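The chain contents come next:
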Amino acid sequence: LSGALLMLPLVVAVQLLLMVGLGLWLALANLWYRDVKYLFAVGIQMWMFLTNVLYPLPPGGSGALGVLVAVNPMVPIISAYRDILLDGRMPAAGTFLCAAFLSTGLAVSGWMAFRRLEGRFAEQV
């Protein structure tokens, strides 16, 4: 066991914030646009393959792979899990903090939009 294992609850919290934020925004989108659930089913599968879930990232990715890695907020989260659990080291602070800020912003904005629009839910159902 290493000291990096103490960082694991923070990684779980950041992933939870990202998933809550995406869930709130997708729930709102699905309420107004019913086809979102079909696009989400395809999109989540593509997102899994564009994230380093099944494979480690090659070092120094550039080009199209570098762009996908840079805009995908799950890449630093999965890499943090891999760093902590498999390698026993602390995750890269810069990319993980960017993912944490993005996750927090997504969750807060999703919650605010959900609360602001919840009075109109009955009209759309």
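A quick note: this is a predicted structure, and the numbers were derived from the prediction, not measured.

Undergrad: Explain the packing of helix H4 (residues 74–87) against helix H5 (residues 93–117) here, please?
TA: Geometrically, a packed helix pair is captured by the angle between its two axes and the distance between the axes. Where H4 meets H5, the closest approach of the two axes is 8 Å, and the angle between their N-to-C directions is 125°. Put simply, H4 runs oblique to H5. The way H4 lies across H5 gives a crossing that is left-handed. Packed against H4, whose contacting residues are Pro76, Ile77 and Ala80, the element H5 presents Thr95, Phe96, Ala99 and Ser103 at the interface. Its residues assigned to classes, the contact of H4 with H5 shows 5 nonpolar, 2 polar and no charged.

Undergrad: Just checking my understanding: could you explain the nonpolar core for this structure?
TA: Side chains of nonpolar character tend, in soluble globular proteins, to be buried together. Ranked by size, the top nonpolar core spans 13 residues in total, and within it Met7, Val11, Val14, Met74, Ile77 and Phe96 carry the most contacts. Secondary-structure elements contributing two or more residues to this core are helix H1 (8–32), H4 and H5. Excluding its chain neighbours within four sequence positions, the residues that come into contact with isoleucine 77 are Val11, Val14, Gln15, Leu18, Ala99 and Ser103. The next biggest cluster of nonpolar side chains, apart from the first, holds 5 residues, and it includes Leu28, Leu31, Ala113 and Phe121.

Conventions and cut-offs
Residues numbered from 1 in each chain as written. Predicted model: local features only at pLDDT ≥ 70, side-chain atom pairs only at ≥ 80, totals over all residues. Heavy atoms only, no water. Axes fitted to C-alpha atoms, helices over the stretch in contact; angles between N-to-C directions. Helix = DSSP H or I, 4+ residues; strand = E, 2+ residues; numbered from the N terminus. Parallel < 35°, antiparallel > 145°, perpendicular 65-115°, else oblique. Left-handed = near helix turned anticlockwise from the far one by under 90°. Contact = heavy atoms within 4.5 Å. Nonpolar A, V, L, I, M, F, W, Y, C, P; charged D, E, K, R; others polar. Core = buried A, V, L, I, M, F, W, Y, C linked by side-chain atoms within 4.5 Å. Buried < 20%, exposed > 50% of the residue type's maximum accessible area, 1.4 Å probe, protein only.

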